[in-house]
Amino acid sequence: SDPWLAVLALVGCMSATCTGNVAGFEPGFVQKGMAGYNGVLVGCAFAVFISPDPWAWRPLVATAVGGCFSAFVMVACGAWSACPAWTFPFNIVALSAFLYAQPFGGASPP
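Residues numbered from 1 in each chain as written. Predicted model: local features only at pLDDT ≥ 70, side-chain atom pairs only at ≥ 80, totals over all residues. Heavy atoms only, no water.

Asker: Got a minute to help me understand the packing of helix H3 (residues 34-50) against helix H5 (residues 88-101) in this structure?
Answerer: To describe two helices that pack against each other, one gives the angle between their axes and the distance between the axes. Remark: H3 packs on H5, axes separated minimally by 9 Å, with the N-to-C direction vectors making an angle of 25°. Judged by the angle between their axes, H3 and H5 are roughly parallel. Crossing of H3 over H5 shows right-handed handedness. Listed contacts from H5 to Asn38, Leu41, Val42, Ala45, Phe46, Phe49 and Ile50 of H3 are Pro89, Phe90, Val93, Ala94, Ala97, Phe98 and Ala101. Here the contact of H3 with H5 is composed, by residue class, of 13 nonpolar, one polar and no charged. (Axes fitted to C-alpha atoms, helices over the stretch in contact; angles between N-to-C directions. Helix = DSSP H or I, 4+ residues; strand = E, 2+ residues; numbered from the N terminus. Parallel < 35°, antiparallel > 145°, perpendicular 65-115°, else oblique. Left-handed = near helix turned anticlockwise from the far one by under 90°. Contact = heavy atoms within 4.5 Å. Nonpolar A, V, L, I, M, F, W, Y, C, P; charged D, E, K, R; others polar.)

Asker: Any chance you could explain the state of the cysteines here in plain terms?
Answerer: Between two cysteines, a covalent bond joining their sulfur atoms is known as a disulfide. If you walk through the whole model with that rule in mind, you get zero disulfides. Summary of cysteine pairing: Cys13 is not part of a disulfide, and the nearest cysteine sulfur, belonging to Cys18, is at 8.9 Å. Unpaired in terms of disulfides, Cys77 finds its nearest cysteine sulfur in Cys83, a separation of 11 Å. (Disulfide = S-S within 2.5 Å.)

Asker: Even after reading the chapter, I still don't get the packing of H3 against helix H4 (residues 57-80), so can you show me in this structure?
Answerer: Axis separation between H3 and H4 bottoms out at 8 Å; the angle between their running directions is 140°. With respect to their mutual orientation, H3 and H4 come out oblique. The two elements H3 and H4 meet at a crossing, and its hand is right-handed. Facing Met34, Asn38, Gly39, Val42, Gly43 and Phe46 of H3, the residues of H4 in contact are Ala62, Thr63, Gly66, Gly67, Ser70 and Met74.

Asker: I'm lost on the environment of Ala85 in this one. Help?
Answerer: Structurally, the position occupied by Ala85 is in the loop between H4 and H5. Separated by 16 residues in the primary sequence, Ala85 and Phe69 place their C-alpha atoms 14 Å from one another.

Asker: For this particular structure, what's the right way to read unusual backbone geometry?
Answerer: The phi angle of most residues is negative, glycine excepted, and most peptide bonds adopt the trans form. With a phi close to 70°, Trp55 is a non-glycine residue in the positive phi region. Backbone geometry at Trp86 places phi at a positive 45°, although glycine is not the residue there. The exposure class of Trp86 is exposed, given its relative accessible area of 58%. (Buried < 20%, exposed > 50% of the residue type's maximum accessible area, 1.4 Å probe, protein only.)

Asker: Looking at this model, I keep getting lost on the nonpolar core. Mind explaining?
Answerer: One recurring pattern in soluble globular proteins is that nonpolar side chains are buried together. Membership of the largest hydrophobic core is limited to 10 residues, which are Ala16, Phe25, Phe29, Val30, Ala35, Ala71, Val73, Met74, Cys77 and Ala85. Among the secondary structure elements, those contributing two or more residues to this core are helix H2 (27-31) and H4. Here this core gets four residues from one element, more than from any other, and that element is H4. Those residues in contact with Phe29, other than ones at most four positions away along the chain, are Met34, Ala35, Met74 and Val75. (Core = buried A, V, L, I, M, F, W, Y, C linked by side-chain atoms within 4.5 Å.)

Here it is as structure tokens:
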């Protein structure tokens, strides 16, 4: 059990859900948790891969911003296709952040 993982998951969920409410997304979409789901995944990924120091402020801010973006990407994916997006918005946001932060930049091959 990792409290840092839980905190960032909660921050991601709250930011994505609040974004859905403030941006005026369809109420059923937000109530079913579709906005917050990818925000939780973003928070978990950032806790594991981007946050070398637990309880730092930068991963909290990155998770809040990533959660917001994931909600918008989820709505955009729904507008593009009739297929459900599920975790695709999480992949877009997390991989974009990983490209910027390069958490494995100093790693040597096994």
